[in-house]
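Close look at the chain arrangement
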Amino acid sequence: MTDASVTDRNEIPGSVLDELNNAFGLREVRKQRYLTDGLMNANWKVDTAAGVFALKRVTDVSLDRLVRNLGVLDSLASDGVPASAPVPTASGSLVAEVGGGVWCLFPWVTGSHLRGVDLSLSQAASLGVHLGRLHEALDRACGKGLLTEVPETVPAGVTTPERAVAKAERLSGAVGNKGAGTAFDMAAMAALEQRRVLIGNHADRRPRDEVPAGRHGWTHGDVQYRNLLWAGGDLAAILDWDRVGIRPYAEEVVRTAQVQFGVDGVFDLERVSEFVRGYRSVVPLEASALDDGARRLWWKRMTDFWQLEFHYDRGDFSFDELFTADEALLLWWTERLDQVEDAFAAG
């Protein structure tokens with residue numbers, strides 16, 4: 001994984017900034033502002049003598065994968081995808097390795113991050129259209145040799161109930177050993193106990209096939225409101241291309257809908273259906289694939305505890321609020337599993 005061994009996540013040390021200035025030929029950095037919207041990586045808006053840019057320090061993707069993904073953006077932009085190609089360094093590289101970190105630079109795009117309920121129904125459908133066109137453009141980039149060929153099948157492991165319960169029990173122990181008796185610790189302990197009960201009660205509803213239904217291919221990997229900019233009612237930019245990879249299309253459709261339209265502990269099912277309808281107007285994905293994708297993501301959320309692993313295993317509390325919100329949505333979703341799947345299939 002790329003390393004970001006700087007002293008403060010929110011600040012760029014002066015010596016590092018000087019090196020970045022030279023690497024990207026910015027001439028002079030007049031102002032920098034840390035952007036709080038990102039989760040894994042760190043981002044800044046930098047006003048320079050050469051223009052205004054978005055500067056990203058990438059912390060959780062291998063260097064080879066990052067360079068590969070950045071290298072496809074020019075093709076996607078020329079194919080109509082609202083994506084900006086990175087600014088190369090003076091040596092022609094798409095990344096700069098400076099101060100123990102890996103950095104990339106993009107032209108600044110003006111826009112707003114809009115969560116699901118802030119999108120109109122027509123915008124929800126438009127987002128689905130954009131996602132479909134993105135998948136098609138990635139497929140064409142693959143055809144140009146910019147990405148590797150897609151295999152015939154993409155197996156997807158399904159976590160067993162026994163393994164999920166064991167993870168929950170281990171984390172319960174971590175809460176007891178490392179927790180400080182805070183409100184979050186108590187909520188985490190209660191959630192883990194409830195999750196063990198839910199896993200036992202719903203184990204027979206988990207996916208059984210190791211191969212997901214429907215088409216698969218190259219996908220973005222993290223299409224959601226933090227990585228989308230809207231301006232004048234239209235989608236202005238898709239950001240954060242670190243996780244480009246081969247996945248079932250239904251997986252990306254369902255995950256995007258969950259993060260975008262799963263707000264305040266409930267799914268906005270009307271917008272989910274509009275979003276899916278927009279996507280299927282471009283990519284004719286079968287209803288059975290969407291139904292399968294929705295069930296797989298539900299079980300993945302049921303058996304995954306990554307936010308708590310960050311909190312108790314790494315001492316990183318950045319995702320505590322995300323865990324609380326996702327837990328509420330999981331409970332709502334579990335009570336209405338068939339209703340949610342119907343909304344995806346009806347799109």
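Structure: above.
What comes next concerns the included structure. Keep in mind it's a predicted model, so treat the numbers as computed, not measured. (Residues numbered from 1 in each chain as written. Predicted model: local features only at pLDDT ≥ 70, side-chain atom pairs only at ≥ 80, totals over all residues. Heavy atoms only, no water.)

Another aspect to go through is the nonpolar core. Leu-76, Leu-134, Trp-241 and Phe-344 are the most contacted members of the largest nonpolar core, which totals 65 residues. At eight residues, the largest contribution of residues to this core is made by helix α4 (residues 121-143). Sequence-distant contacts of Phe-344, that is, excluding residues within four places in its chain, are made with Val-254, Ala-257, Val-272, Val-276, Leu-290 and Ala-294. Counting 18 residues, the second largest nonpolar core, distinct from the first, contains Phe-24, Phe-53, Trp-103 and Leu-105. (Core = buried A, V, L, I, M, F, W, Y, C linked by side-chain atoms within 4.5 Å. Buried < 20%, exposed > 50% of the residue type's maximum accessible area, 1.4 Å probe, protein only. Helix = DSSP H or I, 4+ residues; strand = E, 2+ residues; numbered from the N terminus. Contact = heavy atoms within 4.5 Å.)

Inspection of the secondary structure assignment puts Ser-172 in helix α5 (residues 161-178). Filtering out sequence-adjacent residues up to four positions away, Ser-172 remains in contact with Met-189, Leu-192 and Arg-196.

Further remarks concern the environment of Ala-174. Looking at where Ala-174 falls in the secondary structure, it is placed in helix α5. You can call Ala-174 buried: its relative accessible area is 9%. A sequence separation of 138 residues divides Ala-174 from Tyr-312, and the C-alpha atoms of the two residues are 6.3 Å apart. Look past the residues within four positions of Ala-174 in its chain and what remains in contact with it is Gly-179 and Tyr-312.

A separate point is the pairing of strand β2 (residues 42-48). Burial of β2 is extensive: five of the seven residues sit out of reach of the surface. Across seven bridges, the pairing between β2 and strand β3 (residues 51-58) is antiparallel. Across the sheet, Thr-48 pairs through a bridge with Gly-51, a residue of β3. From the end of β2 to the start of β3, which pair antiparallel, there are two residues. (Pairing = 2+ DSSP bridges.)

Where strands meet in a sheet, backbone hydrogen bonds hold them as pairs that are either parallel or antiparallel. Spatial strand order, β1-β2-β3-β5-β4: five strands in an open sheet with antiparallel pairing. Of all the strands in the sheet, just β1 (29-35) and β4 (96-98) have a single pairing partner and so form its edges. The mean inter-strand angle of the sheet, taken between neighbouring strand axes irrespective of direction, is 30°. Bridge count between β1 and β2: six bridges; the pairing is antiparallel. Within the sheet, the bridge partner assigned to Lys-31 lies in β2 and is Asp-47. Strand contacts of helix α2 (residues 63-70): β3, β4 and β5 (101-107), with the helix running at about 10° to β5, the strand carrying the most contacts. (Axes fitted to C-alpha atoms, helices over the stretch in contact; angles between N-to-C directions.)

Before going further, it helps to spend a moment on the pattern of salt bridges. One pass over the structure, following the stated rule, counts twelve salt bridges. Across the pair Lys-56 and Asp-240 runs a salt bridge whose closest N-O atoms are separated by 3.5 Å. Placement of the pair is Lys-56 in strand β3 and Asp-240 in the loop between β8 (234-238) and β9 (245-248), with a sequence separation of 184 residues. Each member of the pair Lys-56 and Asp-240 is classed as buried. (Salt bridge = Lys/Arg side-chain N within 4 Å of Asp/Glu carboxyl O.)

This brings us to the environment of Ser-84. As for its placement among the helices and strands, Ser-84 is situated in the loop between α3 (73-78) and β4. For Ser-84, a relative accessible area of 26% translates into the label partly exposed. Residues Ser-84 and Leu-70 lie 14 residues apart in sequence; the distance between their C-alpha atoms is 9.6 Å.

Positionally, Glu-252 belongs in helix α7 (residues 249-261). Look at Glu-252: it is buried, it has no salt bridge, and the nearest opposite charge is Arg-247 at 4.9 Å. Among the polar contacts listed, one links the side chain of Glu-252 to the backbone nitrogen of His-220, at a separation of 3.0 Å. (Lys, Arg positive; Asp, Glu negative; His and termini not counted. Polar contact = N/O pair within 3.5 Å; in protein donor to acceptor, adjacent residues only side chain to side chain.)

Put simply, α5 and helix α10 (residues 306-314) touch, their axes get as near as 10 Å, and they point 40° apart. In terms of orientation, α5 lies oblique with respect to α10. Seen along the crossing, α5 lies across α10 with a hand that is left-handed. Contact residues: α5 offers Lys-167, Arg-170, Leu-171, Ala-174, Val-175 and Lys-178, while α10 offers Leu-308, Glu-309, Tyr-312 and Asp-313. Grouping the constituent residues of the contact of α5 with α10 by class yields five nonpolar, no polar and five charged. (Parallel < 35°, antiparallel > 145°, perpendicular 65-115°, else oblique. Left-handed = near helix turned anticlockwise from the far one by under 90°. Nonpolar A, V, L, I, M, F, W, Y, C, P; charged D, E, K, R; others polar.)

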